[in-house]
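# Fold and geometry: a report
Below are the chains, spelled out letter by letter.
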Amino acid sequence: MDNHRVGYFIGSLAAGSINRKLAKALVRLKPETLEMEEISFRDLPLYSYDYDADFPPAARAFKEALANVDAVLFVTPEYNRSIPGGLKNAIDWASRPYGQNSFTRKPSAVIGTSPGAIGTAVAQQSLRSVLSFCNSPQMNAPEAYIQFKPGLITDDGDVTVPDTAKFLESYMSEFHAFIDRVYTVLPRSR
Ligand SMILES: Cc1cc2nc3c(=O)[nH]c(=O)nc-3n(C[C@H](O)[C@H](O)[C@H](O)COP(=O)(O)O)c2cc1C
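Reference entry: report on the structure contained in this document. Throughout, residues of each chain are indexed from 1 in the direction in which the sequence is written. Whole-chain, interface and lining totals are the exception, using all residues; otherwise, since this is a predicted model, local features are given only for residues with pLDDT of at least 70 and side-chain atom pairs are given and counted only at 80 or more. Excluded from the side-chain calculation are hydrogens and water; included are all heavy atoms of the structure.

### A few points about the overall build of the protein
- We count a stretch as a helix when DSSP gives it H or I for four or more residues in a row; a strand needs E for two or more, and each element gets its number in order from the N terminus. Summing up its helical and strand segments, the protein has 5 helices and 5 strands in all.
- Reading the protein from its N terminus to its C terminus gives the helix and strand order β-α-β-α-β-α-β-α-β-α.
- Two things to know: the radius of gyration comes from C-alpha atoms, and the globule rule equals 2.2 Å times the number of residues to the power 0.38. For the protein, the C-alpha radius of gyration of 16 Å lies close to 16 Å, the compact-globule estimate for 190 residues.
- Seen through its C-alpha atoms, the protein measures out along the principal axes to roughly 50 × 35 × 25 Å.
- Each residue gets one of three labels from its accessible area relative to the maximum for its type: buried under 20%, exposed over 50%, partly exposed in between, using a 1.4 Å probe on protein chains only. Split into buried and exposed, the 190 residues of the protein put 48% on the buried side.
- Here, residues are in contact when the closest pair of their heavy atoms is within 4.5 Å. Of all intrachain contacts in the protein linking residues separated by at least 6 positions in sequence, the fraction that spans at least 24 positions is 80%.
- Accessible area of the protein: about 9400 Å², with a carbon and sulfur share of 51%.
- Two residue types count as positive, namely Lys and Arg, and two as negative, namely Asp and Glu; His and chain ends fall outside the count. Where a charge sits is defined by one atom per residue type, namely NZ (Lys), CZ (Arg), CG (Asp) or CD (Glu). Of note, the protein has its 20 positive side-chain charges centred 2 Å away from the centre of its 21 negative side-chain charges. All accessibility values rest on the Shrake-Rupley procedure with a 1.4 Å probe; residue burial counts only the protein chains present in the view.

### Notes on the site of the ligand
- All residues in the neighbourhood of the ligand are listed as Ser-12, Ser-17, Ile-18, Asn-19, Pro-77, Glu-78, Tyr-79, Asn-80, Arg-81, Ser-114 and Pro-115.
- One of the side-chain N or O atoms of Ser-12 is found 2.6 Å from an oxygen atom in the ligand.
- Side-chain atoms alone can form a polar contact between residues adjacent in sequence; in general such a contact is a pair of N or O atoms within 3.5 Å, and within protein one must be able to donate a hydrogen while the other accepts it. One of the side-chain N or O atoms of Glu-78 is found 2.8 Å from a nitrogen atom in the ligand.
- Residues were grouped as follows: Ala, Val, Leu, Ile, Met, Phe, Trp, Tyr, Cys and Pro as nonpolar; Asp, Glu, Lys and Arg as charged; and all remaining residues, including Gly, as polar. Each residue belonging to the shell around the ligand can be placed in one class, and the counts come to 4 nonpolar, 5 polar and 2 charged. Residue proximity to a molecule or strand is established when one non-hydrogen atom of the residue lies within 4 Å of it.

### Side note on the packing of aromatic side chains
- Two aromatic rings from Phe, Tyr or Trp, using only the six-membered ring of Trp, form a pair when their centres are within 6.5 Å; if the ring planes differ by under 30 degrees the pair is stacked, by over 60 it is edge-to-face, and anything between is tilted. Following the criterion strictly, the structure yields 7 aromatic pairs and no others.
- Ring centres 4.8 Å apart and planes at 85 degrees place the aromatic pair Phe-55 and Trp-93 in the edge-to-face group. A residue pair is termed long-range when its members are at least 10 positions apart, and Phe-55 in the loop between β2 (34-38) and α2 (57-67) and Trp-93 in helix α3 (residues 85-94) qualify at 38 residues. Across the pair, exposure class does not vary: Phe-55 and Trp-93 are buried alike.
- Aromatic rings pair up to connect Phe-9, Phe-41, Phe-62, Phe-74 and Phe-103 into one cluster.

That is the geometry; function is a separate question.
Right, dumping it as structure tokens:
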């Protein structure tokens, strides 16, 4: 398998985010051949196409970070049956200026956790629709809807339920295989 750099988005800005815990767990359980770095969108202003002629420094840094990774992993909560506004704002920045969409041909995967039984399923479907429009090849399976119960993942990203740890480990290994497959058929754009 080839080595790949994966940028990950954490959809939540909350200090105690359970999705941040999940992201930490995924970093711990990834194959050695994946290098992972968080791409933060916290400092981005609200997007408007008025910025397209001259992106502010935070948006330039954000686009640069995306250009430097081979694939993107979205670890997101569900807010009101969709993705949080901050994440949608970040995707809008990434997709512009017109003709410079950062997601084109960039493989992606979606995962998330919530205390509810459907584990962010509705938000993930909404995100998948956005990523389709942004021309990102998405890993279709496995899907991952993680119901968060207290203590499931520690603050350091240790998964306390062995079956869940095993599933998350195989999820990351499938993502690695998917990235390999995408780059087998699509030439790299960088
Ligand atoms: C504004 C808001 C809307 C929410 N809407 C949903 C929802 O639609 N579905 C759901 O399962 N949980 C919903 N929740 C509960 C979240 O799943 C829960 O707060 C979770 O901790 C969010 O993930 P985070 O800690 O990573 O931010 C909502 C929470 C907030 C603050």
